[in-house]
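# Coordinates in review
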Amino acid sequence: MTTGRLQDQIAIVTGGAGGIGAATCRQLAAAGAIVVVTDISDTAGEAVAAGIRAAGQRAIYQRLDVADEASWQALRTRVLAELGIPSVLVNNAGIDVVRNTFDTTPEQWDRIFAVNMKGMYLGVRALAKDMHETAVRDGRHASVVNMSSICGLIGVAFQTAYCASKGAVRLYTKALALEMSALGLKVRVNSIHPGTVDTAFAAQCLKELGEVGFAPSPAEARAAIARAHPIGHMAEPEEIADAIVFLASDESRFMTGSELVVDGGYTAQ
Ligand SMILES: NC(=O)c1ccc[n+]([C@@H]2O[C@H](COP(=O)([O-])OP(=O)(O)OC[C@H]3O[C@@H](n4cnc5c(N)ncnc54)[C@H](O)[C@@H]3O)[C@@H](O)[C@H]2O)c1
C-alpha cells in the first residue's frame, strides 16, 4: 500500500468550496490527508467533500464563517470529537472589493479585514496549540498556510482594501512564525502569493475592474491580465493547490515565515 505525503494527517481548509480551496481539498486528500472542508457556502462545500469521498478519499464538510469566533470553536469541537487533532490549517477564505478608495465604504473595509485577515488570527488562536500537540506526537512541525496574493506584495489600483488586507497577511505570517518559535510551539507558518487564478473570484474581479473603467470590457481585462503574467496565462487552481500541499507537507519542513510566490512571473517584472 502506498502512503501519501500527508497520510492520515487532519487538514482544515477554509473557503474550501471555492476555486482554489476546493482544488486544495482534493489535492490534500489525494496526498492521504483527512480533509475538513469548511465554508459559508454549504451546498458547494458539501459537494466538494462528497466528491472527495466518491474518489475513495476522506473528507467531511463543516460550516465555518472565518470571521466568527464561535464558528471556529464549533469547528474545533467537532474535529476533535470526530477525527482527532489537526496538523494542517489552510487559511484560504477571502473576499475582494473592487472600488476606488472614496467609493469603498467603512463597512466594506471592515468586512474585508474581518474575512481576509482577522479570520486567520481567530483560526490560529483556536487551533495552533492543538496542532503543536500533534507535532510533538509525530516528531514533526504542524503547518499553517496563509493565503495572501501578489496583491500582498505590490499595489493594484481599485483594490486598496484588498491589497492592504493581503499585505497584512504577509507580515502577520512572519510575526506569527517567529512567535510560534519563541513560545516553543512546533507550528510552521508560511504565506502563499498567487498571481491571478482562473476562478469565480477572478472572473468577478475582472468584471468589476471593467465596470470601474480600468479595462474596456471584462474580456479585454481578462486578456490583459493573462498577458501581464510572463508565463502567458492565468493560473489554474490546481497549480496553486500543488504549492499549498508542498507548504502543508514535510517537503517544506525548513520553511517558516516564508512567502511563496506562485505568480507566473508577474512580480518578477
Ligand atoms: N483567484 C485569484 O486570482 C486569487 C489570486 C490570489 C489570491 N487569491 C486568494 O485565494 C483565496 C481563494 O480565492 P478563490 O479564487 O478560490 O475565490 P472563490 O471566491 O472561488 O473562493 C473563496 C471561498 O471563500 C468563501 N468565503 C467567503 N467568505 C467567507 C467567510 N466569511 N468564511 C468562510 N468562507 C468564506 C466563499 O464562499 C468561497 O467559497 C482568497 O483568499 C483570495 O483572496 C485569489
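Right, let's walk through the structure included here.

Definitions and limits used
- Residues numbered from 1 in each chain as written.
- Predicted model: local features only at pLDDT ≥ 70, side-chain atom pairs only at ≥ 80, totals over all residues.
- Heavy atoms only, no water.
- Helix = DSSP H or I, 4+ residues; strand = E, 2+ residues; numbered from the N terminus.
- Contact = heavy atoms within 4.5 Å.
- Buried < 20%, exposed > 50% of the residue type's maximum accessible area, 1.4 Å probe, protein only.
- Arc of directions from axis to C-beta.
- Pairing = 2+ DSSP bridges.
- Axes fitted to C-alpha atoms, helices over the stretch in contact; angles between N-to-C directions.
- Salt bridge = Lys/Arg side-chain N within 4 Å of Asp/Glu carboxyl O.

### Section: the environment of Gly-264
In this structure, Gly-264 sits in the segment after strand E7 (259-262). Separated by 249 residues in the primary sequence, Gly-264 and Gly-15 have C-alpha atoms spaced 23 Å apart. Residue contacts for Gly-264: discarding those within four places in its chain leaves His-229, Pro-230 and Ile-231.

### Re helix H7 (residues 218-228)
Given 3.6 residues to a turn, an α-helix orients residues that are three or four positions apart in the same direction. For H7, the complete set of buried residues consists of Ala-221, Ile-225 and Ala-226. Taken down its axis, H7 places every buried residue within 135° of arc, on the same side. Of the residues in H7, the exposed ones pointing more than 90 degrees away from the buried face are Ala-219 and Arg-227.

### Focus on the sheet that holds E7
If you walk across this open sheet you meet the 7 strands as E3-E2-E1-E4-E5-E6-E7, and the pairing is parallel. Both outer strands of the open sheet, strand E3 (58-63) and E7, are each paired with one neighbouring strand and no more. The average undirected angle you get between the axes of adjacent strands in this sheet is 20°. Where strand E1 (residues 10-13) lies against strand E2 (residues 34-39), 4 bridges are found, and the strand directions are parallel. Bridge assignment links Ala-11 to a residue of E2, and that residue is Val-35. This element, helix H2 (residues 42-54), spans E2 and E3 of the sheet and lies at about 170° to E3. Most of the contacts of helix H3 (residues 69-82) go to E3, to which it runs at about 150°, and overall it touches E1, E2, E3 and strand E4 (88-91).

### Remarks on the pattern of salt bridges
Between side chains of opposite charge, pairing is possible as soon as their charged atoms come close. With the rule as written, the count across this model stands at 12 salt bridges. The residue Asp-65 makes a salt bridge to Arg-111 at a minimum N-O spacing of 3.8 Å. With a gap of 46 residues between them, Asp-65 in the loop between E3 and H3 and Arg-111 in helix H4 (residues 106-138) connect regions that are remote in the sequence. Residue class for Arg-111 comes out partly exposed when judged on its relative accessible area of 38%. Close ionic contact of Arg-125 with Glu-69 constitutes a salt bridge, the shortest N to O distance being 3.0 Å. Taken together, the residues span a long stretch of sequence, with Arg-125 in helix H4 and Glu-69 in helix H3 at a distance of 56 residues.

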